[in-house]
Amino acid sequence: MTFHSIYAHGFARVAACVTTSNVADPTANAKAVLAAANACHEQSVAVAVFPELCLSGYAIEDLVKQDPLLDAVERGLAAIVEASAALMTVLIVGAPLRFGHRIYNCAVVIHRGNVLGVVPKTYLPTYREFYEGRHFASGAGITGEAIAIGPLRAPFGVDLLFAAEDVPGLTIGVEICEDMWIPVTPASELALAGASVLINLSGSPITIGRARSRALLCQSTSARCLAAYVYAAAGAGESTTDLAWDGQTSIYENGVLLAEGERFRHGGQITLADVDLDLLRQERALMGTFDDNRRQREGFFRKISFALKPPSADIGFLRKIERFPFVPSDESLLEQDCYEAYNIQVAGLVQRMRATGTKRVVIGVSGGLDSTHALIVAAKAVDLLGLPRENVLAYTMPGFATGSESKTNALALMKALQTNWQELDIRTTATQMLKDIGHPFGRGEKVYDVTFENVQAGLRTDYLFRLANHHGGIVIGTGDLSELALGWCTYGVGDQMAHYNVNAGVPKTLIQHLIRWVISSRQFSDDVNRTLGSILAAEISPELVPVQPGEKPQSTEASVGPYELQDFNLFYTLRFGMRPSKIAFMALQAWKDAAKGEWPPAFPNDRRKAYDLPEIRRWLEVFLRRFFAFSQFKRSAMPNGPKVSAGGSLSPRGDWRAPSDSSAAAWLEDLERNVPT
């Protein structure tokens, strides 16, 4: 496998196919299925599902009991099986088949010239417009059987799983139409037995509102079962004697819609997506209750193995990857996320102040994004508590490298919010401390090392804690989730510590959008909003190291990497425990071309960057070293603060528990072995 192959990184391509139906003409329908099957093979699809009874047509009523039609179905299947010998794709085709004394509504699983198995439909709708009980027998209770289809013989029953022996995690479970509309579905049992890709062949006719109901069922099944769910419904060409058809197709994964096709399309269509088998495996391993449920309902399933033999080359990537996994590019979703995140932070601080009886909060304001956002959270919290804004004690504390722009913004924001504000210049005290400890700067030398930086960061926090003592308040932390991940904070009496940190669960890439949302939702007055806009336009800098006139200020991202990449790395490390090589592959798909894909709303055009693989690899290595081998001790002693994002938190009392003296060797080895330089 090459690095650029999706099959090297735990993905598998699936397809939901709708062919134009030919009523009661299995020969023509078989040709249509084969045409789509060949197209799927050309696109390296692992699994393709076709609609229910697609070989005969769904709405043929009593014609399904005619031997000539059933004979033609068997011939059509034989033709598909023979032609499939040259195809990579597993084909799952709907057909009426004879077994014993009855006819069954079946899903036939075909691969490389063989019928791997046949799954009969369990739940037959015989209400309102449906009359399946007149024509078919239920597959309920059929296990351990085999079926003859002309000269072909295959396993038959509702106890079948289909597992790829050469694609880890690809196990297919099949249900048919009505099977997903009932309280306890076959898909649930199949998922508990190990199916990661659930298939539904559907003949569902369309009525007003039914497409939405199908989508909800597909989404909820994929979410509950921690699985991919591939759905294909009958479309054009079906008999419209009393019903109509829309050919709905959709692919969900763990509750997320990956792809959906056009409804009411006159011709056939193939809907494609690359599902993440690793993600599903990780979710099942993480969610222990999934396995608890399996052990309570354990049943026997026959596992049919097959060799997919996927391609090792680059076949493209058919999956949307958000550049900012903490920040959705969909405007309505982003607005909802920002509303919830901001109010989670405010609610957390309100409760902490109520519980402790605290009337005042103390906060340091630098004019940067983090302290700006923490300040507007604090202002909203005191509003909700019915306290005056003067109870927010805000301090700007210029040091040796504080820029005029950030200081101006800090002062303007504190005044506009009507806080009790003050400027405390720390340079005299910092100089004295550096002199007392024998640092060269104390003797007048221009030495700007980590001690020089941390003396300033520590003094600021020291002042805040003593001010909190003096005024009977609590210190509000401003450091964010991204800084905690990278250890980009001063430990102890530094910006790592506070009485309560409202930003602890908020990644750096989300904060700018939270501030934009605060502006657009008019949480504060116009003069506050103008200052917030000015702060958004500034470069991220710790402003601890002096620069000469004309020089660029100290850049955080030049030291620890672009936060947009590091938040990407953090999300997939923290939320899903993915291998560095897979994270690098996904980052390349998301970031290799700034002109492709969606950007979050209002994201500035001049900040829309692209990154190639060497850059991605370089900064991922920095992330791995800092996250796994350096900064855990800072997180182990972090103050309280609310979890905000489903992507996770780094609290040792919450999502992330890790030793402070761990090694990054295993992660770095994966990077070295599997990501080209």
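Residues numbered from 1 in each chain as written. Predicted model: local features only at pLDDT ≥ 70, side-chain atom pairs only at ≥ 80, totals over all residues. Heavy atoms only, no water.

Enquirer: Mind laying out unusual backbone geometry, listing which residues take part and the relevant values?
Expert: Negative phi values dominate among residues other than glycine, just as trans dominates among peptide bonds. The phi dihedral of Glu61 falls on the positive side, at around 50°, and the residue is not glycine. Residue class for Glu61 comes out partly exposed when judged on its relative accessible area of 45%. One non-glycine residue with positive phi stands out, namely Leu226, at about 50°. Mapping Leu226 onto the fold places it in the loop between helix 4 (210-224) and strand 11 (228-233). A residue is classified by how much of its surface remains accessible, and Leu226, at 4% relative accessible area, is buried. (Buried < 20%, exposed > 50% of the residue type's maximum accessible area, 1.4 Å probe, protein only. Helix = DSSP H or I, 4+ residues; strand = E, 2+ residues; numbered from the N terminus.)

Enquirer: Before we move on, could you go through the pairing of strand 16 (residues 360-364) and cite the residues and values that matter?
Expert: Counting buried positions along strand 16 gives four out of five residues, so the element sits mostly inside the fold. Two elements, strand 16 and strand 19 (residues 473-477), share three bridges in a ladder whose sense is parallel. Looking across to strand 19, one finds that Arg360 is bridged to Gly473. Across four bridges, strand 16 lies against strand 17 (residues 392-396) in parallel orientation. Considered in strand 17, the bridge of Gly364 is made with Tyr395. (Pairing = 2+ DSSP bridges.)

Enquirer: Any chance you could break down helix 16 (residues 563-574) for me, citing the residues and the numbers?
Expert: Between its terminal C-alpha atoms helix 16 stretches 15 Å, which fits the 16 Å expected from 12 residues at 1.5 Å a residue. For helix 16, a buried count of 12 out of 12 residues is recorded, marking the element as mostly surrounded by other parts of the structure. Among the residues of helix 16, Tyr563, Glu564, Leu565, Gln566, Asp567, Phe568, Asn569, Leu570, Phe571, Tyr572, Thr573 and Leu574 are the ones counted as buried. (Expected span 1.5 Å × (residues − 1).)

Enquirer: Can you explain the state of the cysteines? Please cite residues and give values.
Expert: Within this structure, the stated rule accounts for zero disulfides. Lacking any disulfide linkage, Cys40 is separated from the closest cysteine sulfur, that of Cys17, by 3.7 Å. Residue class for Cys40 comes out buried when judged on its relative accessible area of 0%. (Disulfide = S-S within 2.5 Å.)

Enquirer: Describe the sheet that holds strand 12 (residues 249-253), listing the residues and the values that go with them.
Expert: Ordered in space as 13-12-11-10-9-8-15, the seven strands form an open sheet in which the pairing is mixed. The open sheet has two edge strands, strand 13 (256-260) and strand 15 (302-306), and neither has a second partner. The mean inter-strand angle of the sheet, taken between neighbouring strand axes irrespective of direction, is 25°. For strand 9 (residues 171-176) and strand 10 (residues 197-202), the ladder comprises five bridges, and the chain directions are parallel. Bridged to Ile176 within strand 10 is Leu201. Together, strand 10, strand 11, strand 12 and strand 13 form the strand contacts of helix 4, whose direction differs from that of strand 12 by roughly 25°. (Axes fitted to C-alpha atoms, helices over the stretch in contact; angles between N-to-C directions. Contact = heavy atoms within 4.5 Å.)

Enquirer: Describe in detail the environment of Ala244, supporting the description with residues and values.
Expert: Relative to the elements of secondary structure, Ala244 occurs in the loop between strand 11 and strand 12. Expressed as a C-alpha distance, the spacing of Ala244 and Pro205, which sit 39 residues apart in the sequence, is 5.7 Å. Apart from the residues within four sequence positions on either side, Ala244 is in contact with Pro205 and Ile206.

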